[in-house]
Structure formats: C-alpha cells, structure tokens
Amino acid sequence: MSSSQQPNLRLERFKAVAGNQNSILLSVLIALAIVFTLAEPKFFSVATAGNILTDWGSIVLLAAGQTLVIISGGIDLSVGGTLAISGVTSAWVMSTVLGFDITTSGSDAYPPLLVGGLVAIGTGLLVGLINAILITKLRIVPFVATLSTMGATLGFAIIISNGMPIGGPNDFSLISPINPTWMPLSWAVIGVIIVVTAVGLFLHKSRFGLHTYAIGSNSFAARAAGINVERHLTKVYALAGALAGLAGFYVYLRLGAGSPSSGVMRELDAIAAVVIGGASLMGGIGRMMGTIIGALILFTVQSGLIMAGVAPDWKKVVVAVLIAAAVAAQTLRPQNRAR
Amino acid sequence: MKKNYFKKAVALAGAAAFAIGLAGCAAEEEAVVAPTTGDTAVVAEDLTIAFVMGAESDPFFQAMKLGAEEEAAAQGVTLIWQGDPSNYSPETQIPIVDAVLAQQPDGLVLIPTDPTALQASVAKAVAAGIAVANVDTRVGDLSDVLTFITGDNEDGGAKAAEAIANAIGYTDGETYEVVIGLTSATATTNVARKEGFESTIAANYPGINIVDVAYSESNPEKAATNVNNWLTKYPDLDGIFAIDGTNASGAAAALESKGLVGQVALVGYDAYPDNVAKIEAGIFTALIAQDPAAEARLAIQTLVDYLRNGTAPANAEVVIPNVTLDANTSAADLVKYTYVAN
C-alpha cells in the first residue's frame, strides 16, 4: 500500500515547492521587465505586452502538452513538427479542398476557419496517437519514438506544401490586441488562456493528473497501484498532440498561412518553457503555472532583446543561462537533494 | 501466398511504370536529339545527370527541382535529384554527394553548401570522369567546374533598395527609417542581398537609415515577432526589407495584424505563390524574385550539350538577373516568376 501512498505524499510536497517556484519565476519576470525598460523605455507598453502575448500563445500550447508528457516521465520532441503539419494540413484543406483564398477575410473567414481549426486539432491528435502507439505498443522509448515522428511530420509538412507557405482565409483581427491602447490580449490569446487553464485544472484537480504524477514518479508503483499505465500514457500523448495541432492553427491565424518551417526547433522552446517553469525531466515534478510563466519569460527575453537592440545571437545565450539556472535551483533545493 | 501476390503486383506495376518511363524518354530523345546530331550511338546512350541541392524544404530548391525535371524530360536524360530534407550544411551534403557519385552519373549539378568543404567532392567527381556544374553557390576553385550558373543576389538587394526608395517617395534632405529582416548572419544569399541593399542605400539614398536587423532562423513566426517589436520600437518606421521568403511571409502577417498595410513599405524576396497573391492585395510594395527553375534548366542543358556534343559553354559563369515584381508587373510575368507548386 505504501506504493500508492507515495505519489500522494510527494504531490503535497511538490505543491508547496511549486508555490515557491512560481514566486521565484515571477520575480525573474519582473526583474527582466525592469532591465529591459531601463534599456528601452518603449518596452514598458501595452504594445510590447501584446507582442509578447502573441508569441506566447503558440509556445504555451506546445508547452502545456509538454508539461503533461514530462510529468509522466516522457518527452515529446514531435510537437514542433506536429505544429507545422497541422498548420499546413489545415491551410491545405481550407484553400485547396474548400477553395477559400487570401481574399476571404473578416467574418466571411469564420466558417472555413472553424473547419481548419478542427482539421488542425485532428491532425495533431493523430500524430499524438501515433506517438502513443510507438511508445506503449512497440515499447520504443519516448525520446526515440517522438524523434522519428518529429522527422516524419516535418517531412510531410514539406511534401504537402512543396516547402512553401499555403495562404488561405483569415481574419487578422482575431490575432491583434483587442484594443491597442489598453488591452494587449487578442481573441486568439484569450482562447489559448482558456485552453491552458483547462489543461492546468485537468492536471492539478483531476484523477487524470494524479495518475500522471504517479506514473512519472514511479511507473512500477503506479502499475502496482492499479493504474493502466499504457492507457494513461496514450491519453497523455494524444492530448499533447491535439494541443500541438491547436498551436499549429494558432500559427496559421497569425500568419494567414500554413508554413512548413513554422515548427522547426519549436519543441525546444516548449521544453525550455517547461524546464524553466520547474518541471523535472526525471518525471513526477512540475506545475502548469510554472510552464505558463516559463513561456512568458522566454518571450519577454526575446522581445526585450529585440527592443533593446541587442544582437539577436544573445537571445540564445540568455535563454541557455535561464535554463541552467532553473535546473540548478531545482537540484540545489534541500528536498530534492535527498534523491 | 497473399503476400507473394502483393509483391508480384507491386513489382509488375513498378516494372510497367519503368518501361513506360523509358519508352517516354526514348521517344523524346529521338525526337529532340536525333535530327540535330544524326549520331545514333549518342542517342542510344542513356545519360544520367545527378543534381545535389542544398535543402529539400527550401521552396527555392522546390522551384529548381521542377525546372530540372522539365529539362531532364525534354533532353531525355535520367535525373537523380538528391539533397538533405532540411539541413543546409556540408556535413549532410558530402555523404549525399558520395552516395550519388557511387551511382556513376555522367554529369553532376552541385549546389555546394560550403565553398571549401565541397571542393574535394568536385575533384572526386571529375577524377571519376563526371562533368560538374555549380548552380546558385560555387566552390572556391572553379577550374574543375564546367559552368557556374547563379542568380545575382547583390543585384537583387540593390533592386530592393530602389523599390523601397520609390515606395516611400524618397526626397533628398529627408530622413527615413528602414529595417532588414534576415534569416541568419551567415547564409551567403542573405549576406549578398544585404550588401547590395546597403551599398545602394549608401550611394543613392543617404537619407535612409538602416536602423535595425534581426534573424528569423527560417521560421516565419519569428520573422513576424521581429517586425512586431520593430513596429513598437520605431513608431515612424518607413520601410521593411524582408530578405527572403520566410521573412516576407512573417513581415506581411505582422503588418496585416497591426493594420499597417500600405503605411509601411514592405519589399520582400522570393515569389512564393502566397507572396505573389499579396502583391495584388497591396501588402507587398514589391517582391524581388529569382528564377531558380531557369538556373536548373540551363545547368542541365549545358551538361547535356557537353556530354553529347563536346561543346563547352561560351561563358564559364552565367548570371541570371533577379526581377522586381510589383503592382505594375504584367499578369503573365507574375505567373512566369512564381515558384510553381506542383
């Protein structure tokens, strides 16, 4: 029985730690905002907030799914490729199959966009299910399984699109801040916030979440406690895939086109957000709020460096330092030292 | 048994397709070549041309592929099209060249991803009796290379500068703010276009200040991010030079979402169908286009001419100029220069 107790105990402990982690992350975010504002006063503006949130929208969707996967003790390298193939497939359906081109705009674009959104989520779900089959049925380790779907999805995205963006119907007002003087959120970002909040509640308030932590902490113990590990992991990867598909649709809305190169390296941004947010790649540890703020930090750095006129190459260095610091902070914490 | 049937069916279908393909080639060869050379021995010889490009994912090479396939079919030669799916790098390209050379083609069109690293591959091919052409980029020492065909990227950059100056109504004595969206600091095409752009600005339009540059790493979403932040930082921005197709897509989307179409001049590069459509919509002030298909056609033509008739090209280096596409470009030219998607 102790095996089924263990995850619960750990969960309580990590809840306490995560609270702490969030306050550290928020302090980092505020400190960054102050530094960048000193470097470029225009940084402190509604417009900049809008820019950061627009960037945040696509990665936080990838990162939300990645949080589930990482907490379950796995990794999903295919989310960037899934984003690309979902966006491209969705654009292809809207433009080639349904026959809407870039001249369809405003509210006229809503019906095809609705179809496109469903196609994107469906495509992502399909990739997620393929990942799940590779991992749970063929027993391929997640790193390798999702590495291969990453290659396949990026490749298919190029094949479907001939390597070129596919333009289609769009309403750019969905992705623009609702009011440029006082409201940096766009309708698309509000949609993302709702989805990510729902996934967060699902992770932290449901039995599904509890089982995810249990599997990530100790999958043998979880199995002994009666959890169907294979079925649960199938759900986790399917959900991560569907979220990546939705991210693909978000990027479509942003570009007005499905672009095959829009997913390249995005999985690393997502993993960076999760790790900065305090999740452990060993599994069993992580909070959705950490991931959300982690992704915000990533794009605050990106916008800040552009605004401050710092050479773009420095962004990678700054992000690398943040990741190293986040992981170091995690391992140096007394509770984790005992492991 | 079932499996065997299936295999047989596949094999038969494959063989049939191959035979039809061969027949097609043979017919074309006779039609095109026999009357001009009158040499049946040459006609019977089935030439194979290998084409090793940079990265399959790049639309530029997709357009090039169509040109290569078209010309190979017209000349009745077999085309081996190879290259890494997405990595533009010598590390991935050299083994691909080795594998292709092992197939003993008669000619090799190579787009070297590095001028120095691929020099040995060219020497290896020539030592094996394979004629080599370079397209788009070149190896450092061209003495082993039959012909080098390229688009003029520096000239393209200069044309972009002219287009921006036109669009913002440049007047001497006034100052203007312009930014450049790049893909990376080192991509040779980016560097050449930027140089052409900067030198034309410096020479003819001293009032235009290039206030910033940023990199998109081949990701249009990052290109949009760069432009979003610039529009916040430089509220009076006059123009954007988006140096390639990726940056063009991202910059166009950023202007649309900020409602600044027509207020900020946008000159892009690469005639993706989606970008060309945005000329008509007024989102692009102008689009500079290359003609990758023409480069590929000319390379194959030159190699085949040399292999069949021994005629070396008149010029060892051929530069195919870039063109400016804008609202005044005829519909026929827009179609001609659009990177075709098949």
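Residues numbered from 1 in each chain as written. Chains lettered and ligands numbered in written order. Predicted model: local features only at pLDDT ≥ 70, side-chain atom pairs only at ≥ 80, totals over all residues. Heavy atoms only, no water.

## Concerning the overall build of chain B
And then number 1: Along chain B, the regular secondary structure elements total 13 helices and 12 strands.
And then number 2: When the accessible surface of chain B is split by element, carbon and sulfur atoms take 55% of a total near 14200 Å². (Helix = DSSP H or I, 4+ residues; strand = E, 2+ residues; numbered from the N terminus. Areas by Shrake-Rupley, 256 points an atom, 1.4 Å probe, with all protein chains shown as cover.)

## Section: the overall build of chain A
And then number 1: Within chain A, the secondary structure is distributed over 13 helices and two strands.
And then number 2: What you see for chain A is a C-alpha radius of gyration of 20 Å, in line with the 20 Å of a compact globule of 339 residues.
And then number 3: If you line up chain A on its principal axes, its C-alpha atoms span 65 × 50 × 30 Å.
And then number 4: Here chain A, with 339 residues, has 57% of them falling under the buried criterion.
And then number 5: Taking the contacts inside chain A whose residues are at least 6 apart along the sequence as the reference set, 80% of them involve residues at least 24 apart.
And then number 6: Total accessible area on chain A is roughly 13600 Å²; 72% of this is exposed by carbon and sulfur atoms.
And then number 7: Positive and negative side-chain charges of chain A, numbering 19 and 11 respectively, have mean locations separated by a distance of 18 Å. (Rg over C-alpha atoms; globule rule 2.2 N^0.38 Å. Buried < 20%, exposed > 50% of the residue type's maximum accessible area, 1.4 Å probe, protein only. Contact = heavy atoms within 4.5 Å. Lys, Arg positive; Asp, Glu negative; His and termini not counted. Charge placed at Lys NZ, Arg CZ, Asp CG, Glu CD.)

## A word on helix H9 (residues 220-233) of chain B
And then number 1: Along its 14 residues, H9 of chain B runs 20 Å from first to last C-alpha, staying within 8% of the 20 Å computed at 1.5 Å per residue.
And then number 2: The N-cap residue of H9 of chain B is Asn219 of chain B: its side-chain oxygen and the backbone nitrogen of Glu221 of chain B are 2.9 Å apart. (Expected span 1.5 Å × (residues − 1). Polar contact = N/O pair within 3.5 Å; in protein donor to acceptor, adjacent residues only side chain to side chain.)

## Quick notes on the sheet that holds strand S2 (residues 78-84) of chain B
Residue and element names in this part refer to chain B.
And then number 1: If you trace the six strands from one edge of the open sheet to the other, you get S2-S1-S3-S4-S5-S11, paired in parallel fashion. At either margin of the open sheet sits one strand with a lone partner, and together these are S2 and strand S11 (317-320). Each strand axis lies, on average, 15° off the axis of its neighbour in the sheet, ignoring direction.
And then number 2: The pairing of strand S3 (residues 107-110) with strand S4 (residues 131-135) spans four bridges and is parallel. In the strand pairing of S4, Gly107 is matched with Ala131. (Pairing = 2+ DSSP bridges. Axes fitted to C-alpha atoms, helices over the stretch in contact; angles between N-to-C directions.)

## Focus: helix H10 (residues 245-257) of chain B
And then number 1: Relative to the 18 Å expected for 13 residues at 1.5 Å per residue, H10 of chain B spans 18 Å between its end C-alpha atoms, a close match to the ideal helical length.
And then number 2: Inspection of H10 of chain B places Gly245, Thr246, Asn247, Ala248, Ser249, Gly250, Ala251, Ala252, Ala253, Ala254, Leu255 and Ser257 of chain B among the buried residues, and these make up the whole buried set.
And then number 3: Residues of H10 of chain B that are buried make contact with helix H9 (229-255) of chain A together with strand S6 (176-182), H9, strand S8 (239-242), strand S9 (265-269) and helix H11 (273-280) of chain B.
And then number 4: Backbone geometry just downstream of H10 of chain B places Gly259 of chain B in the positive-phi region, at approximately 65°.

## Remarks on the interface of chain A and chain B
And then number 1: Each side of the interface is counted separately: chain A has 37 residues, and chain B has 39 residues.
And then number 2: Summed over the three residues of chain A that lose the most area to chain B, namely Asn162, Met164 and Ile306 of chain A, the buried surface amounts to 20% of that side.
And then number 3: Between the two partners, chain A and chain B, sit two salt bridges.
And then number 4: Here Glu221 of chain B and Arg266 of chain A are joined by a salt bridge, their closest N and O atoms 3.2 Å apart.
And then number 5: For the side of chain A that touches chain B, the secondary-structure elements that each account for two or more residues are helix H2 (46-71), H9, helix H10 (266-276), helix H11 (288-307) and helix H12 (313-332) of chain A. (Buried area = accessible area lost by both parts, 1.4 Å probe. Salt bridge = Lys/Arg side-chain N within 4 Å of Asp/Glu carboxyl O.)

## Here's the deal with the domain arrangement of chain B
And then number 1: Looking at the assigned domains, one finds that chain B contains domain 1 (39-145 + 293-320) and domain 2 (153-289).
And then number 2: For domain 1 of chain B and domain 2 of chain B, the distance between their C-alpha centres works out to 32 Å. (Domains from an automatic or database assignment.)

## Observations concerning the pattern of salt bridges
And then number 1: Inspection of every chain in the model, using the stated rule, returns 13 salt bridges over all chains.
And then number 2: The closest approach of N and O atoms between Arg254 of chain A and Asp55 of chain A, which form a salt bridge, is 2.9 Å. In this pair, Arg254 of chain A sits in helix H9 while Asp55 of chain A sits in helix H2, placing the two residues 199 residues apart along the sequence.
And then number 3: Under the relative-accessibility criterion, Arg254 of chain A is labelled buried at 4%.
And then number 4: A salt bridge links Asp98 of chain B to Lys124 of chain B; the nearest nitrogen and oxygen atoms lie 2.8 Å apart. With a gap of 26 residues between them, Asp98 of chain B in helix H5 (residues 90-102) and Lys124 of chain B in helix H6 (residues 119-127) connect regions that are remote in the sequence.
And then number 5: Take Asp98 of chain B: its relative accessible area is 30%, and that puts it in the partly exposed class.

## Re the confidence of the model for chain A
And then number 1: Mean pLDDT over chain A works out to 91, with 93% of the residues at or above the 70 mark.
And then number 2: Mean pLDDT in chain A bottoms out at helix H13 (residues 334-337) of chain A, which sits at 53, and peaks at helix H4 (residues 110-137) of chain A, which reaches 98. (pLDDT = per-residue confidence, 0-100.)

## Considerations on the packing of aromatic side chains
Aromatic ring pairs are described here by two measures, namely the spacing of the ring centres and the angle between the planes.
Residue and element names in this part refer to chain B.
And then number 1: Here the structure, examined in full by the defined rule, presents 10 aromatic pairs over all chains.
And then number 2: Considering the side-chain rings of Phe241 and Tyr269, the 6.3 Å spacing of their centres and the 40° angle between planes classify their relative orientation as tilted. On the criterion of sequence distance, the pair formed by Phe241 in strand S8 and Tyr269 in strand S9 is long-range, its members being 28 residues apart.
And then number 3: With relative accessibility at 0%, the residue Phe241 sits in the buried group.
And then number 4: Members of the aromatic cluster, joined through ring pairs, are Tyr170, Tyr176 and Tyr205.
And then number 5: The ring centre of Tyr269 lies 3.7 Å from the NZ or CZ of Arg193, which sits over that ring. (Phe/Tyr/Trp six-rings, centres within 6.5 Å; stacked < 30°, edge-to-face > 60°. Lys NZ or Arg CZ within 6 Å of the ring centre and 35° of its normal.)

## Observations regarding a nonpolar patch on the surface
Residues and elements named next belong to chain A.
And then number 1: Residues Trp92, Val97, Leu98, Val115, Phe156, Ile159 and Ile160 make up a contiguous nonpolar surface patch of about 620 Å² in total accessible area.
And then number 2: Those elements giving two or more residues to the nonpolar patch turn out to be helix H3 (79-97) and helix H5 (142-161).
And then number 3: Ranked by residues supplied to the nonpolar patch, first place goes to H5 with three residues.
And then number 4: Counting through the fold element by element, Ile159 comes out in helix H5.
And then number 5: Accessibility expressed as a relative area gives 59% for Ile159, which makes it exposed. (Patch = residues over 30% accessible without salt bridge, like charges linked within 9 Å, V, L, I, M, F, W, Y side chains within 5 Å.)

## Some details on the packing of H11 of chain A against H12 of chain A
Residue and element names in this part refer to chain A.
And then number 1: Put simply, H11 and H12 touch, their axes get as near as 10 Å, and they point 150° apart. Considered as vectors, H11 and H12 are oriented roughly antiparallel to each other. For H11 against H12, the interelement crossing comes out right-handed. Packed against H11, whose contacting residues are Ile297, Leu298, Val301, Gln302 and Leu305, the element H12 presents Trp314, Lys315, Val318, Val319 and Leu322 at the interface. (Parallel < 35°, antiparallel > 145°, perpendicular 65-115°, else oblique. Left-handed = near helix turned anticlockwise from the far one by under 90°.)

## Let's talk about the sheet that holds S6 of chain B
All names here are of chain B.
And then number 1: Taken in spatial order, the six strands of this open sheet run S7-S6-S8-S9-S10-S12, and their pairing is mixed. Edge strands, defined here as strands with exactly one partner in the open sheet, are strand S7 (208-215) and strand S12 (323-326). Direction aside, the axes of adjacent strands within the sheet are offset by 20° on average.
And then number 2: Pairing analysis gives four bridges linking strand S10 (residues 286-289) to S12, with the strands arranged antiparallel. The residue of S12 that forms the bridge with Ala286 is Asp326.
And then number 3: Contacts from helix H8 (residues 188-204) reach S6, S7, S8 and S9 within the one sheet, and its direction differs from that of S6 by about 170°.
And then number 4: The strands that H9 touches are S6, S7 and S8; relative to S7, the one it contacts most, it runs at about 140°.

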